[in-house]
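# Structural description and commentary
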Amino acid sequence: MAQTDRPENSKPQEPAETDLPVPLLYRDAMMLVLDKPAGLPVHRGPQAKRREIPVLTDYLDALRFGLPRRPELAHRLDKDTSGCLVLGRHPRAMAELNQMFREGRVDKTYWAIIQGGPEEEQGLIDLPLARRDPDRGWWMKIDPAGLPSQTRYMVLGRGTLGGAPIAWIGMEPLTGRTHQLRVHCQASGWPMLGDEIYGDAPREGGPGLHLHARAITIPLYRKRDPIRVEAPPPPHMAEALRACGWSS
């Protein structure tokens, strides 16, 4: 696993438009990469339908940048996960992006703060996942009869927060199961800080999920280098990251 603490965007970015609803990290004729804030759902699912809360799809018209169609999501991030989110700008772009995600040709790097930490500095978590409840498809568990699920990890730093040991890790999901990174960390004995579903964080007033889609690399153009984009860590993760040795 390559070092993941200092990725760089593939090309200089234009100044971000000040009235955009979500920070723009990258734009070209085919795709956008947004910096999704933690707490913003990407679409209006069952929970969002029950409450009047904003979702990312409410803002897609503002992200046309002169094209007749609004962009579409090429993949998804959980509501409480921040960072790199890719959108296709037209049907041909969506077809190519969907195929690349489906075939596993898009490299994704996540940062997480975990409670405790692994003994090894790097490794592979290979634990199959299945739904815990058929009526709630997002709620997952380790299940020998489940779908194959693999996550590569590397420890980037260690420290303490509030007197308790924590670790900063980079993770690369080799498969794309729902809540894969969160369940893999919990099952390994080091749940993510702020995880109210698989960890011990309170439902209200907790520190927020410390999971961030740090970087994404997309081989979108055959005759060009892959496009690599990074998202800065969200403010709620800064204290724990600094405790583990990160400096902005």
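Parameters at a glance
- Here the residue numbers are simple positions, counted from 1 along each chain's written sequence.
- Selection of residues for local features in this predicted model requires a pLDDT of at least 70, selection of side-chain atom pairs for listing and counting requires 80 or more, and totals for whole chains, interfaces and linings are taken over all residues.
- To obtain the side-chain values, all non-hydrogen atoms of the structure were included, while hydrogens and water were left out.
- Put simply, DSSP marks the helices as runs of H or I at least four residues long and the strands as runs of E at least two long, and each gets a number from the N terminus on.
- N or O atoms within 3.5 Å of each other form a polar contact, as long as, within protein, one can give a hydrogen and the other can take it, and as long as residues adjacent in sequence are counted only when both atoms are side-chain atoms.
- In this description, contact between two residues means that some pair of their heavy atoms is separated by no more than 4.5 Å.
- For the purposes of this section, nonpolar cores are sets of buried Ala, Val, Leu, Ile, Met, Phe, Trp, Tyr and Cys residues that join through side-chain atoms within 4.5 Å.
- Here the term buried applies to any residue with accessible area under 20% of the maximum for its type, exposed to any over 50%, and partly exposed to those in between, with areas from a 1.4 Å probe on protein chains only.
- Every helix has an expected span of 1.5 Å times one less than the residues it contains.
- Comment: arc refers to directions from the helix axis out to C-beta atoms.
- As a per-residue quantity, pLDDT reports the predictor's confidence and falls between 0 and 100.
- Only the six-membered ring of Trp is used, alongside the rings of Phe and Tyr, when aromatic pairs are assigned; centres must lie within 6.5 Å, and planes under 30 degrees apart are stacked while those over 60 apart are edge-to-face, with the rest tilted.
- For a lysine, the NZ atom is tested; for an arginine, the CZ atom; a charge sits over a ring if that atom is within 6 Å of the ring centre and within 35 degrees of the ring normal.

Now for the side chain of Gln180. As for its position among the elements, Gln180 is in helix H3 (residues 180–187). For Gln180, the side chain forms a polar contact with the side chain of Thr175, separated by 2.7 Å. Filtering out sequence-adjacent residues up to four positions away, Gln180 remains in contact with Leu129, Ser149, Gln150, Thr151, Pro173, Leu174 and Thr175.

With that settled, the discussion passes to the nonpolar core. Counting residues in hydrophobic clusters, the biggest one holds 30 residues, and the most contacted among them are Leu56, Ile169, Met171, Met192 and Leu211. Going through the elements one at a time, strand E2 (31–36), strand E4 (82–88), strand E5 (107–115), strand E9 (150–161), strand E10 (164–173), H3 and strand E11 (211–218) are the ones with two or more residues in this core. Among the nonpolar cores identified, the runner-up in size contains 20 residues, and Tyr26, Met30, Val86 and Val229 belong to it.

This part is about unusual backbone geometry. Although it is not a glycine, Phe65 adopts a positive phi angle of roughly 50°. With respect to the element layout, Phe65 can be found in the loop between helix H1 (46–50) and strand E3 (72–73). A relative accessible area of 23% places Phe65 in the partly exposed class. One non-glycine residue, His179, lies in the positive phi region at around 55°. Summarising the element assignment, His179 is placed in the loop between E10 and H3.

The next thing to look at is the environment of Thr109. Relative to the helices and strands, Thr109 resides in strand E5. What makes Thr109 buried here is its relative accessible area of 5%. Separated by 107 residues in the primary sequence, Thr109 and Ile216 have C-alpha atoms spaced 6.3 Å apart.

This brings us to helix H2 (residues 91–102). Over its twelve residues, H2 runs 16 Å from end to end, which matches the ideal 16 Å to within 8%, given 1.5 Å per residue. Among the residues making up H2, those that are buried are Ala93, Met94, Leu97, Met100 and Phe101. Burial along H2 is one-sided: seen end-on, the buried residues are contained in an arc of 130°. Away from the buried face of H2 by more than 90 degrees, exposed residues Arg92 and Arg102 are located. Against the buried residues of H2 lie E2, E3, E4, E5 and E11. Positive phi shows up at Gly104, right after H2, with a value of about 75°.

Averaged over every residue, the pLDDT of the chain is 89; the share at 70 or more is 88%. Contacts for the low-pLDDT stretch residues 2–8, under 50 throughout, to residues beyond four places or in other chains number 22 contacts.

Turning to H3, a few remarks are in order. Helical periodicity: at 3.6 residues per turn, an α-helix aligns residues three or four positions apart in one direction. Most of H3 sits out of view: six of its eight residues are buried. Buried within H3 we find Gln180, Leu181, Arg182, Val183, His184 and Cys185. Immediately downstream of H3, the backbone of Gly189 shows phi near 100°, a positive value.

Under the criterion given, the structure shown has two aromatic pairs. With 5.1 Å between their ring centres and 75° between their planes, Trp111 and Trp168 make a pair best called edge-to-face. One end of the pair, Trp111, is in strand E5; the other, Trp168, is in strand E10, and 57 residues separate them in sequence. The class of Trp111 is buried, set by a relative accessible area of 0%. Using a relative accessible area of 3% as the deciding quantity, one classes Trp168 as buried. Taken together, a centroid distance of 5.4 Å and an interplanar angle of 65° make the contact between Tyr153 and Trp190 edge-to-face. Of the two residues, Tyr153 sits in strand E9 while Trp190 sits in the loop between H3 and E11, which places them 37 residues apart along the sequence. Overall, the relative accessible area of 8% leaves Tyr153 in the buried class. Exposure remark for Trp190: the relative accessible area of 7% places this residue in the buried category. Cation over ring: Arg27 sits above Phe65, and NZ or CZ is 4.2 Å from the ring centre. In this arrangement the basic side chain of Arg224 is found over the ring face of Tyr221, its NZ or CZ atom lying 4.3 Å from the centre.

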